[in-house]
Amino acid sequence: MGTNQKQILKHILSNTDYSMDNSSRSLISLEGLDRNDILGLLRQAATFEAKPDRKILDGKVVATLFFEPSTRTRLSFETAVNRLGGRVIGFSDAATTSSSKGETLKDTIMMVSNYADLIIMRHYLEGAAKYASEISPVPIINAGDGANQHPSQTMLDLYSMLKTQGRLDGLEIFLVGDLKYGRTVHSMLTAMRFFNPTFHFISPEELRMPAEYKEFCRENGIRFTEHSEFNENVISEADIIYMTRVQRERFTDLMEYERVKDSFILRNDMLAGTKPNLRILHPLPRVNEISQDVDSNPKAYYFQQAKNGLFVREALICNALNLL
Ligand code: CP
C-alpha cells in the first residue's frame, strides 16, 4: 500500500462517525441506511483492512446459499468468515441441493437457520432476499437478487471510491453498459443519495437505466445525464468510470443480447485525456467491455476493488451478527 493510500485510510478511520440502527440485522438493500450508517460501515471496513485476521466469529457458523453463480462475492464472504475465525456451510450450486427436488425457498431458509447464525444468499429472483429476511429467524445478507440489488457490492464500491478519491461527496460518476439489468448500479444510486453525486448514464438504448431509478434520482435531488455515445469527450470529466457487463443471463431474447453485447468497450487510448484522479471500477466479471490493455493503466482499479470486498464484507458480517 502506498503512502497516499495509507493517509487516506487514516483519514477514513479518524473522520467518520459510527452509528447503526440495531433493530434489524439483515442487509437486503441500502434503503434503510443513512449517511452515518454508510460511513460507519466504511470506517469499520478500514479497521479490517488494517487488521483482517481477528477471532470475532469464534463459535459462529455462517451459511452461504448461492442459487446463482459467483466467484468474488461468495469467496470473499467465505474468506471473511474464515479470517474472523468462524465456520462456513453452504452451497455454490443449487442443483446439488433439495431445491432441485422441489423444496421451497421458505423451507430451505427454515432448515438452514437451524444450523447457521447468519445466511448470505444470492438468488436469481428479485425480492427473494427480502422474502427470506421476513421468514428467517437469523439475519440475511443479500448477495444479489436477480436484477434488483447487490448491497454488499455497493458498499465495497463506495469504499473503493473513498479510498481512491479521498471523499464520497460531489463525485462525477459515469455508469457504463447494462444499466437495465445491472443490480450493482441500482444499489449504487440508493447509497449515493447522501453524497451529492452527478451520475452520467451511458448505455445502448435497450439497456437504459429503468424509469423507476431515474424517478428515484429526481425525488432525491440526484443530478444525472444520459448518453448513448461512449468516447473520449464524454468521459473527460469523470472521477469514476464504473463499467458493467452486459448480462446474457437476464435476456429473454438472445438475438438482442448479441446485438448489444459489445456496444461499449473501454480502450486504453480513450484514457489519455482523462482526469488524473480518475479510477476505473467494475464489479466483475468482465467479458469484453474493458480491453485487456487497460489493466496496466494506473487508473484501472477493478482488481483492488475486488480485494476491498473482503474488508467490507468482514464489517457487514460483524454488523449483521451485532458483534461490533
Ligand atoms: N461482483 C460480483 O458479484 O461478482 P461475482 O458474480 O463473481 O460474485
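Every chain's residues receive numbers from 1 upward, in the order its sequence appears when written. The predicted nature of this model means local features are confined to residues of pLDDT at least 70 and side-chain atom pairs, given and counted, to a pLDDT of 80 or more, with totals for whole chains, interfaces and linings taken over all residues. The side-chain quantities take in all heavy atoms of the structure and omit both hydrogens and water.

Student: Residues and numbers for the sheet that holds strand β2 (residues 87-91), please.
Tutor: Strands qualify as paired when DSSP identifies two bridges or more between them. Counting from the N terminus, the helices are the DSSP runs of H or I reaching at least four residues and the strands are the DSSP runs of E reaching at least two. Taken in spatial order, the four strands line up as β2-β1-β3-β4 in an open sheet, and their pairing is parallel. Two strands in the sheet have a free side with no partner beyond their single neighbour: β2 and β4 (140-145). Within the sheet, the average angular offset between the axes of one strand and its neighbour, ignoring direction, is 15 degrees. With five bridges connecting them, strand β1 (residues 61-66) and strand β3 (residues 118-123) associate as parallel partners. When the bridges of β3 are listed, valine 62 appears paired with leucine 118. Across the sheet, helix α3 (residues 72-83) lies against β1, β2, β3 and β4, angled at about 175 degrees from β1, the strand it touches most. Should any heavy atoms of two residues lie within 4.5 Å, those residues are considered in contact. Fitted lines through C-alpha atoms give the axes, limited to the stretch in contact for helices. The angle between two N-to-C directions lies from 0 to 180 degrees. Across the sheet, helix α5 (residues 128-135) touches β3 and β4, and the angle it forms with β4 is around 165 degrees.

Student: How would you explain the nonpolar core if you had to name every residue and give the values?
Tutor: Note on soluble globular proteins: their nonpolar side chains tend to be buried together. Only buried residues count toward a nonpolar core. Its members are Ala, Val, Leu, Ile, Met, Phe, Trp, Tyr and Cys residues joined through side-chain atoms within 4.5 Å. Relative accessibility decides the category of a residue: with a 1.4 Å probe and only protein chains considered, values under 20% of the type maximum give buried, values over 50% give exposed, and everything between is partly exposed. Formed by 58 residues in total, the largest nonpolar core has its most connected members in Leu175 and Ile317. Each domain's extent was defined by an automatic or database domain assignment. Here this core spans two domains, since at least three of its residues come from each of domain 1 (3-150 + 308-320) and domain 2 (152-306). Ile235, Ala238, Ile280 and Ile290 belong to the second largest nonpolar core, which has 20 residues in total.

Student: Explain the pairing of strand β8 (residues 240-243) to me, using residue names and the numbers behind them.
Tutor: Where burial is concerned, the two faces of β8 agree: the one with Ile240 and Tyr242 and the one with Ile241 and Met243 are both buried. Direction of pairing for strand β5 (residues 172-176) relative to β8: parallel, over a ladder of four bridges. Following the sheet pairing, phenylalanine 174 is matched in β8 by isoleucine 241. As paired elements, β8 and strand β9 (residues 279-281) share three bridges and run parallel to each other. Bridged to tyrosine 242 within β9 is leucine 281.

Student: Any chance you could break down the site of the ligand for me, citing the residues and the numbers?
Tutor: Whether a residue is near a molecule or strand depends on its heavy atoms: if one lies within 4 Å, it is near. Close to the ligand lie Ser70, Thr71, Arg72, Thr73, Arg122, His150, Gln153, Pro283 and Leu284, which account for all nearby residues. Within the contact set of the ligand, an oxygen atom lies 2.9 Å away from a side-chain nitrogen or oxygen of histidine 150. Calculation of accessible area relied on Shrake-Rupley with a 1.4 Å probe; when residues are assessed, cover is drawn exclusively from the protein chains displayed. About the coverage of the ligand: the protein hides 91% of its 250 Å² of free accessible area. In the scheme used here, Gly and all other residues not listed as nonpolar or charged are polar, with Ala, Val, Leu, Ile, Met, Phe, Trp, Tyr, Cys and Pro taken as nonpolar and Asp, Glu, Lys and Arg as charged. Residue classes in the shell around the ligand are distributed as two nonpolar, five polar and two charged. Identification of polar contacts relies on pairs of N or O atoms within 3.5 Å, with a donor-acceptor requirement for protein atoms, meaning one able to donate a hydrogen and the other able to accept it, and with residues adjacent in sequence counted only if both atoms are side-chain atoms.

Student: Tell me about the packing of aromatic side chains, and please be specific about residues and values.
Tutor: Note on aromatic contacts: the rings of Phe and Tyr and the six-membered ring of Trp form a pair at centre separations within 6.5 Å, being stacked when their planes are under 30 degrees apart, edge-to-face when over 60 apart, and tilted otherwise. This structure, assessed with the given rule, holds five aromatic pairs. Consider the rings of phenylalanine 201 and phenylalanine 224, whose centres lie 5.3 Å apart with planes at 25 degrees: the pair is stacked. One end of the pair, phenylalanine 201, is in strand β6 (residues 198-202); the other, phenylalanine 224, is in strand β7 (residues 223-227), with 23 residues separating them in the sequence. On the accessibility criterion, phenylalanine 201 (1% relative accessible area) is buried.

Student: Pulling in residues and values, what's your account of the packing of helix α2 (residues 35-50) against helix α6 (residues 151-165)?
Tutor: Packing of α2 against α6 brings their axes to within 10 Å, and their N-to-C directions diverge by 75 degrees. It follows that α2 is roughly perpendicular to α6 by the angle criterion. From α2, Ile38, Leu41, Leu42, Ala45, Ala46 and Glu49 reach across to α6, where they touch Met155, Leu158, Tyr159, Leu162 and Lys163. Here the contact of α2 with α6 is composed, by residue class, of nine nonpolar, no polar and two charged. The scheme is simple: roughly parallel for angles under 35 degrees, roughly antiparallel for over 145, roughly perpendicular for 65 to 115, oblique for anything else.

Student: Please give an account of the sheet that holds β9 that cites residues and values.
Tutor: Ordered by their spatial adjacency, five strands build an open sheet running β7-β6-β5-β8-β9, and the pairing between neighbours is parallel. The open sheet is flanked by β7 and β9, the only strands paired with a single partner. Going across the sheet, the axis of each strand differs from the next one's by a mean of 20 degrees, ignoring polarity. Here β6 runs beside β7; their pairing, made up of five bridges, is parallel. Residue phenylalanine 201 lies in a different strand from β7, and its bridge partner there is glutamate 226. On top of the sheet, helix α7 (residues 183-192) reaches β5, β6 and β8; it is set at about 160 degrees to β5, its chief contact.

Student: Hey, could you go over a nonpolar patch on the surface for me, with residue numbers and the actual values?
Tutor: Patch definition: residues above 30% relative accessible area lacking any salt bridge, with like charges linked at up to 9 Å and the nonpolar side chains Val, Leu, Ile, Met, Phe, Trp and Tyr linked at up to 5 Å. Any Lys or Arg side-chain nitrogen found within 4 Å of a carboxyl oxygen on Asp or Glu counts as a salt bridge. There is a patch of nonpolar side chains on the surface, built from Ile89, Met111 and Tyr115 and spanning about 290 Å² of accessible area. You can see methionine 111 is positioned in helix α4 (residues 105-115).

Student: Break down the pattern of salt bridges for me, with residues and values.
Tutor: Opposite charge on two side chains makes pairing possible when the charged atoms of those side chains draw close. A full pass over the atoms with the stated rule returns 17 salt bridges. A salt bridge links glutamate 78 to arginine 74; the shortest N-O distance between them is 3.3 Å. Here glutamate 78 and its partner arginine 74 are both found in helix α3, four residues apart, which amounts to about one turn of the helix. The shortest N-O distance in the salt bridge between glutamate 215 and arginine 218 comes to 3.3 Å. You can see glutamate 215 and its partner arginine 218 sitting in helix α8 (residues 211-219), three residues apart, about one turn around the helix. By relative accessible area, glutamate 215 is classed as partly exposed at 35%.

Honestly, it's all geometry; don't read function into it.
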